[in-house]
Amino acid sequence: MKITILDGNALNPGDLSWEPLKDFGSLTVYPRSNPQEVIDRIGKSEAILLNKINITEEILSACPTLKYIGVQATGYNVIDIEACKRHGVTVTNVPAYSTGAVAQLTFAFISEIACRAKEHSDSVLDGDWIKARDFCYWKTPLTELEGKTLGIFGYGNIGRRVAQIAQAYGMKVIVCTRTQKPDIPNPVDFNTLLRESDILTLHAPLTKETKEIINSDSLAKMKKTAWLINTARGAFVNEADMAEALKQGTISFYATDVVAREPMEKDCPLLTAPREKIMITPHIAWAAVETRQRLLEVVIQNLKCWISGSPQNVVS
């Protein structure tokens, strides 16, 4: 069997091993592929693995030997699922592999905004403490998280883990979710979530209903002191509205690991926001080596199960 990985560098830039996949057939790994290269690179492959490569009806029609697509991620919106069904192509994904890592970055953002540890460390290393007249100093207002209200939008695996961490900090948790369950702490509607949250963090699926759910109208309902955290999807947020809200002081801070178009483009509106009110990381919540190793192990197991005739984690 011929197996092709179209954008291997996304998951494995060299610190993991593809060797186990060679047990299943002939393996070709491309670090990355542009859209014009995809059809030729798939060629006569029966199985392909990918992360962010778009697979369309045109590609499927041009690659009739293709029978399996292993998405090396949880999200599979890059795949035309209905076209895969028509062509008899099985598609699998990797759910819930990054719960701990995403929750960790969520609180890395929250803790950094609260404590400004890097800003103060830089100040000390620049000699400011040596010159200080008092035994200590602080350059910006600092925030105690205990007693603050954390609003969680979406309550799947990641939302639940974030709630657990927040409760350990002594925070009050409120939750807005489309799936009502008896164990949800303090369920509220979306407007109440916006109004009452000192910190709002996004963990819902991206759908037609949630796309740009954070916009000028919803931002205006939040506290002027509120922080918004986004480790989910960039398209939750109307980025022009967010930049303007930060400029006008409608909310206090936006920290995000994702943007609407990735990699970021030079005209991204968030780049116009005041730097002291925004923090952006390059979609790294899933990137810890332990997290990616876990992901790779499921990718391998997904392919093995499909070959054996008992596919798992099937989305098409």
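Owing to the predicted nature of the structure, the values given are computational and were not obtained by experimental measurement.

Chemist: Looking at this structure, how should I read the packing of aromatic side chains?
Modeler: Aromatic ring pairs are defined here through the distance separating the ring centres and the angle between the ring planes. Across all of its chains, the model carries four aromatic pairs by this definition. Considering the side-chain rings of Phe153 and Phe190, the 5.3 Å spacing of their centres and the 55 degrees angle between planes classify their relative orientation as tilted. With Phe153 in strand β6 (residues 149-153) and Phe190 in helix α9 (residues 190-196), this residue pair connects regions lying 37 residues apart in the sequence. Assessed through its relative accessible area of 8%, Phe153 is described here as buried. Take Phe190: its relative accessible area is 19%, and that puts it in the buried class. Following the ring pairs from residue to residue traces out a cluster consisting of Phe153, Phe190 and Phe236.

Chemist: I would appreciate a short explanation of the environment of Val259 in the present structure.
Modeler: Within the secondary structure layout, Val259 lies in the loop between β10 (253-256) and β11 (278-280). Relative accessible area serves as the criterion here: at 9%, Val259 is assigned to the buried category. Linking Val259 and Gly234, residues 25 residues apart in sequence, is a C-alpha distance of 3.9 Å. Not counting residues up to four positions away in its chain, the partners in contact with Val259 are Gly234, Glu239, Met264, Cys268, Leu270 and Ile280.

Chemist: How do you make sense of the sheet that holds strand β3 (residues 47-50) when you look at a structure like this?
Modeler: Two strands in a sheet stick together by hydrogen bonds in their backbones, pointing the same way (parallel) or opposite ways (antiparallel). Spatial strand order, β2-β1-β3-β4-β5: five strands in an open sheet with parallel pairing. At either margin of the open sheet sits one strand with a lone partner, and together these are β2 (26-29) and β5 (90-92). Taken pair by pair, the neighbouring strands of this sheet meet at an average axis angle of 15 degrees, ignoring direction.

Chemist: So what exactly am I meant to see when it comes to helix α12 (residues 289-307) here?
Modeler: In a regular helix each residue adds 1.5 Å, so 19 residues correspond to 27 Å; α12 covers 27 Å between its end C-alpha atoms and thus fits that length. The set of residues buried in α12 consists of Thr291, Arg292, Leu295, Leu296, Val299, Ile300, Asn302, Leu303, Cys305 and Trp306. Turning to α12, the residues buried within the fold contact β1 (2-5), α1 (8-11), β3, β4 (68-71), β5 and α5 (99-115).

Chemist: I would appreciate a short explanation of the sheet that holds strand β9 (residues 227-230) in the present structure.
Modeler: Strand order across the open sheet formed by six strands is β7-β6-β8-β9-β10-β11, with parallel pairing between neighbours. The two strands at the open ends of the sheet, each matched to only one other strand, are β7 (172-176) and β11. Taking each pair of neighbouring strands and ignoring which way they run, the sheet shows an average axis angle of 15 degrees. Pairing of β10 with β11 involves three bridges; the strand directions are parallel. Each residue of the ladder has a partner; that of Tyr254, found in β11, is Ile278. The strands touched by α5 within the sheet are β6, β8 (199-202), β9, β10 and β11, with β9 carrying the most contacts at an inclination of about 155 degrees. Contacting β6, β7 and β8, helix α8 (residues 157-168) runs over the sheet at an angle of about 175 degrees to β6.

Chemist: When you look at the pattern of salt bridges in this model, what are you seeing that I'm missing?
Modeler: One side chain can pair with another of opposite charge once the charged atoms of both are near each other. For the coordinates displayed, the defined rule picks out twelve salt bridges. One salt bridge connects Glu119 with Arg116, and the closest N-O pair in it is separated by 3.8 Å. Here the salt bridges do not stand alone but share partners, grouping Arg261, Glu265 and Asp267 into one network.

Chemist: Quick question: what am I supposed to make of the environment of Arg294 here?
Modeler: With respect to the secondary-structure elements, Arg294 resides in helix α12. The partly exposed category is assigned to Arg294, whose relative accessible area is 40%. Between the alpha carbons of Arg294 and Thr140 there is a distance of 39 Å; along the sequence they are 154 residues apart.

Cut-offs and rules
- Residues numbered from 1 in each chain as written.
- Predicted model: local features only at pLDDT ≥ 70, side-chain atom pairs only at ≥ 80, totals over all residues.
- Heavy atoms only, no water.
- Phe/Tyr/Trp six-rings, centres within 6.5 Å; stacked < 30°, edge-to-face > 60°.
- Helix = DSSP H or I, 4+ residues; strand = E, 2+ residues; numbered from the N terminus.
- Buried < 20%, exposed > 50% of the residue type's maximum accessible area, 1.4 Å probe, protein only.
- Contact = heavy atoms within 4.5 Å.
- Pairing = 2+ DSSP bridges.
- Axes fitted to C-alpha atoms, helices over the stretch in contact; angles between N-to-C directions.
- Expected span 1.5 Å × (residues − 1).
- Salt bridge = Lys/Arg side-chain N within 4 Å of Asp/Glu carboxyl O.

In short, geometric facts, not functional conclusions.
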